[in-house]
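# Topology and contacts: notes
The lines below spell out each chain.
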Amino acid sequence: METNKKSSFSGRLGYVMAAAGSAVGLGNIWRFPYLAAKYGGGTFLFTYIILAFTVGFALLVSETALGRKTGNNPIKAYKILGAKKLKIGGWLNSIIPMLIVPYYCVVGGWVCKYLFEYLRGSSQILTQDTYFSNFIANPISPAFWLVIFAVLTFIVVIKGVEKGIEKVSKILMPILVVIAIFISIYGLMTPGAIEGLKYYIIPDFSRFSIMTVISAMGQMFYSLSIGMGILFTYGSYMKKDVDMEKAISQVEIMDTLIAFLAGLMIIPAVFAFSGKDSLNAGASLMFITMPKVFNSLKLGGFIGGVFFLLVLFAALTSAISLMECSCATLMEQFHISRKKAALAMIIEMLALGIPISLGYGVLGWIQPLGMTLLDFFDFVTNSCMMPISALCTVLLIIFVTKLKTISNEIKISSAFKREKVYNFVMKYICIPTLLIILLSYILSTFGIITL
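Before going into details, it helps to say that this report is about the structure given with it. Just so we're clear, the structure is a prediction, and the values are computed from it rather than from any experiment.

## A look at the packing of helix α2 (residues 26-38) against helix α10 (residues 210-223)
Contact geometry of α2 with α10 gives a least axis separation of 11 Å together with a crossing angle of 175°. One element, α2, and the other, α10, form an angle in the roughly antiparallel class. Of the residues in α10, those in contact with Gly27, Asn28, Arg31, Phe32 and Leu35 of α2 are Ser215, Gly218, Gln219, Tyr222 and Ser223.

## Thoughts on the packing of aromatic side chains
Taken as a whole, this structure holds 26 aromatic pairs when the rule is applied. Their ring planes at 75° and their centres at 5.1 Å tell us that Tyr114 and Phe287 sit as a pair that is edge-to-face. Linking Tyr114 in helix α5 (residues 87-119) with Phe287 in helix α13 (residues 284-295), this pair joins segments that are 173 residues apart in sequence. Judged by relative accessible area, which is 0%, Tyr114 ranks as buried. Judged by its relative accessible area of 2%, Phe287 falls in the buried class. Between the aromatic rings of Phe424 and Tyr428, the centroid separation amounts to 5.2 Å while the plane-to-plane angle is 50°, which identifies the pairing as tilted. One end of the pair, Phe424, and the other, Tyr428, are both in helix α18 (residues 419-445), four residues apart, so they sit about a helical turn from each other. Take Phe424: its relative accessible area is 47%, and that puts it in the partly exposed class. Looking at Tyr428, the relative accessible area reads 52%, which means it is exposed.

## Overview of the packing of helix α3 (residues 42-70) against helix α16 (residues 373-401)
Here α3 crosses α16 at 75°, and the two axes come no closer than 11 Å. Of the possible angle classes, the one that applies to α3 and α16 is roughly perpendicular. Judged by residue contacts, Leu59, Ser62, Glu63 and Leu66 of α3 engage Thr393, Val394, Leu396 and Ile397 from α16. Classifying every residue of the contact of α3 with α16 gives five nonpolar, two polar and one charged.

## Looking at the nonpolar core
Tyr15, Met286, Phe307, Met323 and Tyr422 are the most contacted members of the largest nonpolar core, which totals 159 residues. Every residue in contact with Tyr422, bar those within four places of it in the chain, is listed here: Phe57, Ala58, Val61, Ser62, Ile397, Leu403, Ile406 and Phe416.

## Let's talk about the pattern of salt bridges
Inspection of every chain in the model, using the stated rule, returns ten salt bridges. Notably, a salt bridge pairs Asp129 with Lys292, separated by 2.4 Å at the nearest N-O pair. You can see Asp129 sitting in the loop between α5 and α6 (131-137) and its partner Lys292 sitting in helix α13, a full 163 residues away along the chain. Taking the relative accessible area as the measure of exposure, Asp129 reaches 57% and is therefore exposed. A relative accessible area of 24% places Lys292 in the partly exposed class. Here Lys240 ties to Glu409 by a salt bridge, and the two come within 2.8 Å at their closest N and O atoms. Taken as a pair, Lys240 in the loop between α11 (230-236) and α12 (244-274) and Glu409 in helix α17 (residues 403-410) lie far apart in primary sequence, 169 residues in all. In the salt-bridge network here, residues are joined through shared partners; they are Arg68, Lys240 and Glu409.

## Structural notes on α18
The terminal C-alpha atoms of α18 lie 36 Å apart, and with 27 residues this matches the ideal 39 Å at 1.5 Å per residue to within 8%. For α18, the full list of buried residues reads Glu419, Tyr422, Asn423, Val425, Met426, Cys430, Thr433, Leu434, Ile437, Leu438, Ser440 and Tyr441. At the exit of α18 stands Gly447, carrying a positive phi of roughly 75°.

## Description of the side chain of Arg68
Structurally, Arg68 is set in helix α3. Separated by 3.3 Å, the side chain of Arg68 and the backbone oxygen of Lys239 make a polar contact. Polar contacts involving the side chain of Arg68 include one to the main-chain carbonyl oxygen of Lys240, which spans 3.4 Å. Setting aside chain neighbours within four positions, we find Arg68 in contact with Gly235, Ser236, Met238, Lys239, Lys240, Val242, Met244, Glu409, Ile410, Ile412 and Ser413.

## Section: the environment of Trp91
Among the structural elements, Trp91 can be located in helix α5. C-alpha of Trp91 to C-alpha of Tyr78: the two residues are 13 residues apart in sequence and 8.9 Å apart in space.

## A few points about the state of the cysteines
Overall, the coordinates contain zero disulfides when judged by the stated rule. There is no disulfide at Cys384, and the cysteine sulfur nearest it, in Cys392, is 14 Å away. The closest cysteine sulfur to the non-disulfide-bonded Cys430 is located on Cys392, 14 Å from its own sulfur. Using a relative accessible area of 0% as the deciding quantity, one classes Cys430 as buried.

What counts and what doesn't
Residues numbered from 1 in each chain as written. Predicted model: local features only at pLDDT ≥ 70, side-chain atom pairs only at ≥ 80, totals over all residues. Heavy atoms only, no water. Axes fitted to C-alpha atoms, helices over the stretch in contact; angles between N-to-C directions. Helix = DSSP H or I, 4+ residues; strand = E, 2+ residues; numbered from the N terminus. Parallel < 35°, antiparallel > 145°, perpendicular 65-115°, else oblique. Contact = heavy atoms within 4.5 Å. Phe/Tyr/Trp six-rings, centres within 6.5 Å; stacked < 30°, edge-to-face > 60°. Buried < 20%, exposed > 50% of the residue type's maximum accessible area, 1.4 Å probe, protein only. Nonpolar A, V, L, I, M, F, W, Y, C, P; charged D, E, K, R; others polar. Core = buried A, V, L, I, M, F, W, Y, C linked by side-chain atoms within 4.5 Å. Salt bridge = Lys/Arg side-chain N within 4 Å of Asp/Glu carboxyl O. Expected span 1.5 Å × (residues − 1). Polar contact = N/O pair within 3.5 Å; in protein donor to acceptor, adjacent residues only side chain to side chain. Disulfide = S-S within 2.5 Å.

Take a look at the structure:
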């Protein structure tokens, strides 16, 4: 019988590619560019980088170190570490990916559908203003493509850590970077794109506001897979001789690079095509605006197909990490094989995902808190549960295990050159940051503030 304890990455590269694959997802590809466009371009980019290498680093280190130290899923990790009053943090870290992966597969299915249309030469129909809304309202098509994406995820996870997740991540991540660079260079050749590039990379601090910081913090949190159990799980797969600090630094760099390239792919091209305001389109940016941009370019059908292939790779690597984290929990909590855990997860993914995929059509009448089913699950997990779970981890380290426990774990294989930075951020920055993220997300959801 296979258990999480018997699974491990082959080395640092395996961990880096898998963790970076988890971090590099749909949040990087469409969310980062529109937030950057909305909150000052280069100013937002500058703010995000500072936060990613301070607060982001501290939270990445914390969850990964606790995972490696205990060698267990978050529930057992919290129990081993003696967190009786904070055990809800372990449960949240374990439940969150089980709730996220079904609706993540819905969006992954949308990406599969768009890639399919590009591959069969039907990209012209994607530029119609009503195509996307008609597609997601269809009573069959969204569910069909959800199943396709979920099965792709299942195939990788059932093969295990080293032969499945690590192997696929090592292949997809380099390809993803190459494609992103290619599309970025091509997009910069678009007439008028240079003005968009200047807006994106040159900070204009007259545009700086507290909302720039809050939005950058939220994106950092969302992008780096913090507070959803993945880092605990991948940390538990990390061997003791792997240089943890170096590995985490490489994950930070790769995640930030992909986020930067996503902005470089999208902002200059859309800026040139229809102006800065169109970048505030949110999710529709990828499925409505970008096909129109590609249609206006030479070789647009080819470039659009390559773009959605990139988005598929990014979505798939993140979905794999979410499903793997969930499987690890089931395997350890119920002492079942990987095959049984994966089967249980794909059943759960489809049972939740299919109704969510139909939430814009036949099940559109179901609107908890006035939201579509997808938006509701996104709000509950990303805006409420994830900040609370990360906050529990910070409190666990500061008041129960103490910072020295983390330092000792890292120093098994690393010099821990940023130990002082880590300690300072954990003591004085993380708790207020997480509280601000939680409060701002809730207030923005109910229209009190705008993010």
